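In case you want the letters, here they are:
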Amino acid sequence: MESRAVLAAERHKKGYNCAQAVACTYCDLAGVSEEEAFRSTEAFGLGMGGMLGTCGALSGAVYLASLATSDGNLENPSTKKASYALSRELLNRFEEKNGSVTCRVLKGLEGEGSVAVPCPICISTACDLVEQVLFPDTFLK
């Protein structure tokens, strides 16, 4: 299967926030409907609730990591370690590529004041990571 990064970009242009654009683009692979992914990630936009914290595109990818990894066992949860490791890998690789995981820094609101990494690039990076780390057997290499 070819990359879905263009589909995520189209969703973002349509008004989806960065988290929604990423999560909704791959929701079928994670076993949830687009409406559920859209609703579940709405508050993650603009660095979580507009607080310019963790990048929304990255948050959408981490949301997908949870869905891909969690066993959903309410009585005896045993997948947290794997979920945390996958999340950490996504964060580390995103930071390596973009220089930060923080929306405030990526938007240039700290330091020089110019946008360091625009949202479309963050979304593209998050999509690349979703395809490489979460669903590597599904996408062309």
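Okay, so let's go over this structure. Model, not experiment: these values are computed from the prediction. (Residues numbered from 1 in each chain as written. Predicted model: local features only at pLDDT ≥ 70, side-chain atom pairs only at ≥ 80, totals over all residues. Heavy atoms only, no water.)

Some words on the layout of surface pockets
A volume near 160 Å³ is recorded for the largest pocket. Along the wall of the largest pocket there are 13 residues; nearest its centre are Ser 66, Ser 70, Lys 80, Ser 83 and Tyr 84. Put simply, the parts of the chain that give the lining of the largest pocket at least two residues each are α4 (56-69) and α5 (80-98). Looking at which element gives the most residues to the lining of the largest pocket, the answer is α5, with 4 residues. For the lining of the largest pocket, the residue count by class is 4 nonpolar, 7 polar and 2 charged. (1 Å grid on protein atoms, 1.4 Å probe; cavity = no way out; pocket = protein on both sides within 12 Å on 5 of 7 lines; lining within 4 Å. Points joined across faces, edges and corners; volume = space filled by probe spheres on them. Helix = DSSP H or I, 4+ residues; strand = E, 2+ residues; numbered from the N terminus. Nonpolar A, V, L, I, M, F, W, Y, C, P; charged D, E, K, R; others polar.)

Section: the packing of α4 against α5
Axis separation between α4 and α5 bottoms out at 9 Å; the angle between their running directions is 155°. As far as their axial angle goes, α5 and α4 are roughly antiparallel. Crossing of α4 over α5 shows right-handed handedness. Taken together, the residues of α5 that come into contact with α4 (itself represented by Leu 58, Ala 61, Val 62, Ala 65 and Thr 69) are Ala 82, Ser 83, Leu 86, Ser 87, Leu 90, Leu 91 and Phe 94. In terms of residue class, the contact of α4 with α5 is built from 9 nonpolar, 3 polar and no charged. (Axes fitted to C-alpha atoms, helices over the stretch in contact; angles between N-to-C directions. Parallel < 35°, antiparallel > 145°, perpendicular 65-115°, else oblique. Left-handed = near helix turned anticlockwise from the far one by under 90°. Contact = heavy atoms within 4.5 Å.)

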